[in-house]
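In case you want the letters, here they are:
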Amino acid sequence: MMDSTNRMHHHVEYRSVISEDISGICKIYNAHIELGGSTFETAPWETSILHDQIMKNDKDIWFVAEMNHTVIGWAAARLHSNRFGYRLTREIAIYLAIEHTGKGIAGQLLKLTENSCIDLGIHHLVARVITNNERSLRFHERAGYGLVGVQKEIGRLNDQWLDVAIMQKILS
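Rules behind the numbers
Residues numbered from 1 in each chain as written. Predicted model: local features only at pLDDT ≥ 70, side-chain atom pairs only at ≥ 80, totals over all residues. Heavy atoms only, no water. Helix = DSSP H or I, 4+ residues; strand = E, 2+ residues; numbered from the N terminus. Rg over C-alpha atoms; globule rule 2.2 N^0.38 Å. Buried < 20%, exposed > 50% of the residue type's maximum accessible area, 1.4 Å probe, protein only. Areas by Shrake-Rupley, 256 points an atom, 1.4 Å probe, with all protein chains shown as cover. Lys, Arg positive; Asp, Glu negative; His and termini not counted. Charge placed at Lys NZ, Arg CZ, Asp CG, Glu CD. Pairing = 2+ DSSP bridges. Core = buried A, V, L, I, M, F, W, Y, C linked by side-chain atoms within 4.5 Å. Expected span 1.5 Å × (residues − 1). Phe/Tyr/Trp six-rings, centres within 6.5 Å; stacked < 30°, edge-to-face > 60°.

J.: Is there a simple way to explain the overall build of the chain in this structure?
T.: When helices and strands are tallied, the chain shows four helices and eight strands. Mapped from its N terminus to its C terminus, the chain presents α and β elements in the order β-β-α-α-β-β-β-α-β-α-β-β. Over its C-alpha trace the chain gives a radius of gyration of 16 Å, about what one expects of a compact globule, namely 16 Å for 172 residues. Principal axes of the C-alpha set define a box for the chain whose edges measure 45 × 35 × 30 Å. For the chain, with 172 residues in total, the buried portion stands at 44%. Approximately 10,000 Å² of the chain is accessible, and the part contributed by carbon and sulfur atoms is 50%. Once the 18 positive and 20 negative side-chain charges of the chain are each reduced to a mean point, those two points are 5 Å apart.

This is the structure in structure tokens:
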């Protein structure tokens, strides 16, 4: 039997992030920056900067999905705001290597992350999704996230205004 920080799903291992995972996390996220459609970020993540952000922060929760000693996905529940009143709220993000989408990996990462949040007393999760990312919208809806609203034309990329859906899930 495995605990909640180290679960197997098929031949995928799910666990908390360790220092050696950071370059794999960056590789996945940077591929999504290049592809477009799931982030407003345009500058690639740098391993050294992300390493410090993850390893020196005890408020955020990070997990990876690993196959054959390679990070193929990650999930983070990061502090929504530094303001005291938001201390029990996290913003969730899940990214997979493109070739590993549609296999249930994101769902397993989400369950693991949500369970960890519950264990830590986190009450509210927020997801921000670019509205033309229909796959991500459906994923969050199936996982019980409700639509709070849509921020119209909040971001601009490639000479196009983009809307963002704000979704939420109350955990406890």
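J.: Explain the pairing of strand 5 (residues 89-96) to me, please; I cannot follow it from the model alone.
T.: Looking along a regular strand, one sees the side chains alternate between the two faces of the sheet. Within strand 5, seven of the eight residues are buried, leaving the element largely enclosed by the surrounding structure. Relative to strand 5, strand 4 (residues 70-79) runs antiparallel, the two sharing seven bridges. Bridge assignment links L79 to a residue of strand 5, and that residue is R90. Across three bridges, strand 5 lies against strand 6 (residues 124-130) in parallel orientation. Across the sheet, the residue bridging to E91 is V126, located in strand 6.

J.: Help me out: how do you make sense of the nonpolar core in this one?
T.: Side chains of a nonpolar character, in soluble globular proteins, are inclined to be buried together. Formed by 27 residues in total, the largest nonpolar core has its most connected members in I105 and L109. Those elements that place two or more of their residues in this core are strand 2 (12-16), strand 3 (61-67), strand 4, strand 5, helix 3 (105-119), strand 6, helix 4 (134-142) and strand 8 (160-170). Counting residues in hydrophobic clusters, the runner-up holds 18 residues, among them L50, V71, A76 and A97.

J.: Would you take a moment to explain helix 3 for this structure?
T.: Spacing of three or four residues puts side chains on the same side of an α-helix, whose turn is 3.6 residues. Here helix 3 is 15 residues long and its end C-alpha atoms lie 21 Å apart, about the 21 Å a rise of 1.5 Å per residue gives. All buried positions along helix 3 are accounted for by I105, A106, L109, L110, L112, T113, E114, S116 and C117. In the stretch just after helix 3, G121 is the one whose phi turns positive, near 80°.

J.: Any chance you could explain the pairing of strand 8 here in plain terms?
T.: Two strands pair when backbone bridges link them, and strand 6 and strand 8 are joined in this way by seven bridges, in the antiparallel orientation. Across the sheet, the residue bridging to V129 is A165, located in strand 8. Of the pairings in the sheet, the one linking strand 7 (residues 146-157) to strand 8 comprises eight bridges and is antiparallel in character. Note on strand 8: the bridge partner recorded for L157 is Q160. Between strand 7 and strand 8, which follow one another and run antiparallel, lie two residues, and N158 among them has a positive phi close to 50°.

J.: Is there a simple way to think about the packing of aromatic side chains in this case?
T.: Going through the model one piece at a time under the given rule, you end up with six aromatic pairs. Aromatic pair Y29 and W74: ring centres 6.0 Å apart, planes at 55°, arrangement tilted. Linking Y29 in helix 1 (residues 22-35) with W74 in strand 4, this pair joins segments that are 45 residues apart in sequence. With respect to burial, Y29 and W74 carry one shared label: buried. Residue classification places Y29 among the buried positions, given a relative accessible area of 6%.

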